[in-house]
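Survey of secondary and tertiary structure
Below, each chain spelled out in residue letters.
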Amino acid sequence: MSDLSLTIRPESPDDADAIERLHERTFGPGRYAKTAYRIREGGPHALALSFTARIGTLLVGSVRLTRVRIGETPALLLGPLTVEPPFRERGIGQALIERALDEAQKKGHRLVVLVGDEPYYGKYGFKKVPRGRVKMPGPVDPERLLVAELVAGAFTDVRGDVRPDWDA
């Protein structure tokens, strides 16, 4: 009998094709037009801060973190977070987010931003960014722009445009 327990592990370069197919199935071709994808095109995601979820050998989920800057402040952009539809509502997304945020904090990162729904991401410490303080390129619903402090007070004086961190 094979082990069908959930395993969260760091993403490896060998996972890239399977993750791309997962993104294609769950988000479709329109994903490339989204603002967060535009920022991610500016630089690769951080493999050491990106994770996969597997049940047995089957890849069922993925979360990626990409180094960005908000103004001049280093931060991380969370996403995409994706879970295969048949495996949703089983805590896989939660396990991926918690592992990614925990690892980011351990590695000294202070802020994480994302575009998402506060009712879902709020349980991980994400809050709406005050209007006008942070801007992402392209159209973004300001109600969905969220930030989490991995260190208390890290967002206090932060403002500006979100852009790839070319120096990372």
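First, a word on scope: everything that follows refers to the structure included in this document.

Parameters and conventions
- Residues numbered from 1 in each chain as written.
- Predicted model: local features only at pLDDT ≥ 70, side-chain atom pairs only at ≥ 80, totals over all residues.
- Heavy atoms only, no water.
- Helix = DSSP H or I, 4+ residues; strand = E, 2+ residues; numbered from the N terminus.
- Expected span 1.5 Å × (residues − 1).
- Buried < 20%, exposed > 50% of the residue type's maximum accessible area, 1.4 Å probe, protein only.
- Arc of directions from axis to C-beta.
- Contact = heavy atoms within 4.5 Å.
- Pairing = 2+ DSSP bridges.
- Phe/Tyr/Trp six-rings, centres within 6.5 Å; stacked < 30°, edge-to-face > 60°.
- Lys NZ or Arg CZ within 6 Å of the ring centre and 35° of its normal.
- Salt bridge = Lys/Arg side-chain N within 4 Å of Asp/Glu carboxyl O.

**Quick notes on helix H1 (residues 16–27)**
- Spanning 12 residues, H1 covers 16 Å between terminal C-alpha atoms, matching the ideal 16 Å at 1.5 Å per step.
- Considered for burial, the residues of H1 that qualify are Ile19, Leu22, His23 and Thr26. Down the axis of H1, the buried set is contained in an arc of 100 degrees. They therefore lie on one face.

**Let's talk about the side chain of Thr52**
- Along the polypeptide, Thr52 turns up in strand E2 (residues 51–55).
- For Thr52, the residues in contact, after removing those within four places along its chain, are Thr7, Ile8, Arg9, Pro10, Glu11, Asp15, Ile19, Leu59, Gly61, Ser62 and Leu96.

**Some words on the pairing of strand E8 (residues 145–149)**
- Within E8, four of the five residues are buried, which leaves the element mostly enclosed by the surrounding structure.
- Two elements, strand E5 (residues 111–115) and E8, share five bridges in a ladder whose sense is antiparallel. From the neighbouring strand, Val115 faces E8, where its bridge partner is Leu145.
- The pairing of strand E6 (residues 127–128) with E8 spans two bridges and is classified as antiparallel. Counted as the bridge partner of Lys127 is Val147 from E8.

**Quick look at the packing of aromatic side chains**
- The tally for this structure, following the rule as stated, stands at three aromatic pairs.
- An angle of 90 degrees between the planes, with centres 4.9 Å apart, marks the rings of Tyr120 and Tyr121 as edge-to-face.
- Look at Tyr120 and you get partly exposed, because its relative accessible area is 30%.
- Judged by relative accessible area, Tyr121 falls into the buried class, the value being 12%.
- Aromatic rings pair up to connect Tyr120, Tyr121, Tyr124 and Phe126 into one cluster.
- The ring of Phe155 has Arg133 lying over it, and the distance from NZ or CZ to the ring centre is 4.0 Å.

**Some thoughts on the pattern of salt bridges**
- Here the structure, examined in full by the defined rule, presents 11 salt bridges.
- Across the pair Asp117 and Arg144 runs a salt bridge whose closest N-O atoms are separated by 3.1 Å. With a gap of 27 residues between them, Asp117 in the loop between E5 and helix H4 (118–121) and Arg144 in the loop between strand E7 (134–135) and E8 connect regions that are remote in the sequence.
- In this structure Asp117 comes out as partly exposed when scored by relative accessible area, which is 42%.
- For Arg144, a relative accessible area of 30% translates into the label partly exposed.
- Arg131 serves as the salt-bridge partner of Glu143, at 3.4 Å between the closest nitrogen and oxygen. With Glu143 in the loop between E7 and E8 and Arg131 in the loop between E6 and E7, this residue pair connects regions lying 12 residues apart in the sequence.
- A relative accessible area of 35% places Glu143 in the partly exposed class.
- It is possible to trace a salt-bridge network through shared partners that takes in Glu118, Lys128, Arg131 and Glu143.

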